[in-house]
Amino acid sequence: QVQLVESGGGLVQPGGSLRLSCAASGFTFTNYRMSWYRQAPGKERDLVAYISPTGRTTNYADSVKGRFTISRDNAKNTVYLQMNSLKREDTAVYYCYAECRLSCTDAVNVWGQGTQVTVSS
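What comes next concerns the included structure.

Thresholds applied
Residues numbered from 1 in each chain as written. Predicted model: local features only at pLDDT ≥ 70, side-chain atom pairs only at ≥ 80, totals over all residues. Heavy atoms only, no water. Pairing = 2+ DSSP bridges. Helix = DSSP H or I, 4+ residues; strand = E, 2+ residues; numbered from the N terminus. Axes fitted to C-alpha atoms, helices over the stretch in contact; angles between N-to-C directions. Disulfide = S-S within 2.5 Å. Buried < 20%, exposed > 50% of the residue type's maximum accessible area, 1.4 Å probe, protein only. Core = buried A, V, L, I, M, F, W, Y, C linked by side-chain atoms within 4.5 Å. Contact = heavy atoms within 4.5 Å. Salt bridge = Lys/Arg side-chain N within 4 Å of Asp/Glu carboxyl O.

Some remarks on the sheet that holds strand β8 (residues 78–83)
Turning to step 1, where the next piece is worked out: Taken in spatial order, the four strands of this open sheet run β1-β3-β8-β7, and their pairing is antiparallel. What marks the edges here is a single partner per strand, and that holds for β1 (3–7) and β7 (68–73). Looking at each pair of strands side by side, their axes are set apart by 15 degrees on average, direction ignored.
Turning to step 2, where the next piece is worked out: The sheet contact formed by β1 and strand β3 (residues 18–25) spans five bridges and is antiparallel. Bridge assignment links Ser7 to a residue of β3, and that residue is Ser21.

Written as structure tokens, this is what we have:
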């Protein structure tokens, strides 16, 4: 079964940190670019960061550069999002997304179910 399962969300005070995890199963993880998106109430789902299949290339939204770090452990089929110096405007549901980049015949792209991050005092 192809799936992504996120964890690590929660309530944190402004300036605090959280680490999100996304465990993948049912597909060849090393063929996929992995991304984190977020969606705040009443807003569209926006890209936060992505990482290439090898982990050599990363990219970030301007709003999180210098505060968030995306990484992956291909041995564990897991991608992470380390979030530091959190702000109230980072409050959103965070989604993991897997996009096939190698050997993609018959491959499917996959969304996780989302994990809530709330930044509030």
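Looking at the state of the cysteines
Turning to step 1, where the next piece is worked out: Taken as a whole, this structure holds two disulfides when the rule is applied.
Turning to step 2, where the next piece is worked out: Two residues, Cys22 and Cys96, share a disulfide whose sulfurs are 2.1 Å apart. Residues Cys22 and Cys96 are joined by a disulfide whose S-S torsion is about -85 degrees; by sign, that bridge is left-handed. Linking Cys22 in strand β3 with Cys96 in strand β9 (residues 92–100), this pair joins segments that are 74 residues apart in sequence.
Turning to step 3, where the next piece is worked out: Since its relative accessible area comes to 0%, Cys22 is described here as buried.

As for unusual backbone geometry
Turning to step 1, where the next piece is worked out: Positive phi values are uncommon outside glycine, yet Ser85 reaches one of about 50 degrees.
Turning to step 2, where the next piece is worked out: Here Ser103, not a glycine, exhibits a phi torsion of approximately 50 degrees, which is positive.
Turning to step 3, where the next piece is worked out: The class of Ser103 is exposed, set by a relative accessible area of 66%.

A look at the nonpolar core
Turning to step 1, where the next piece is worked out: Leu4, Met34, Trp36, Val79, Leu81, Met83 and Tyr94 are the most contacted members of the largest nonpolar core, which totals 30 residues.
Turning to step 2, where the next piece is worked out: Within the residue set of this core, elements represented by two or more residues are β3, β4 (32–39), β5 (46–51), β7, β8, β9 and β11 (115–119).
Turning to step 3, where the next piece is worked out: The contact partners of Leu4, leaving out residues within four places of it in the chain, are Cys22, Ala23, Ala24, Phe27, Met34, Cys96, Tyr97, Ala98, Val110, Trp111, Gly112 and Gln113.

Regarding the pattern of salt bridges
Turning to step 1, where the next piece is worked out: Counted under the stated rule, the structure contains five salt bridges.
Turning to step 2, where the next piece is worked out: Note that Arg67 is salt-bridged to Asp90, the shortest N-O span being 2.7 Å. Linking Arg67 in the loop between β6 (58–60) and β7 with Asp90 in the loop between β8 and β9, this pair joins segments that are 23 residues apart in sequence.
Turning to step 3, where the next piece is worked out: For Asp90, a relative accessible area of 0% puts it in the buried group.
Turning to step 4, where the next piece is worked out: For Glu99, the salt bridge is made with Arg101, and the minimal N-O distance between the two is 3.7 Å.

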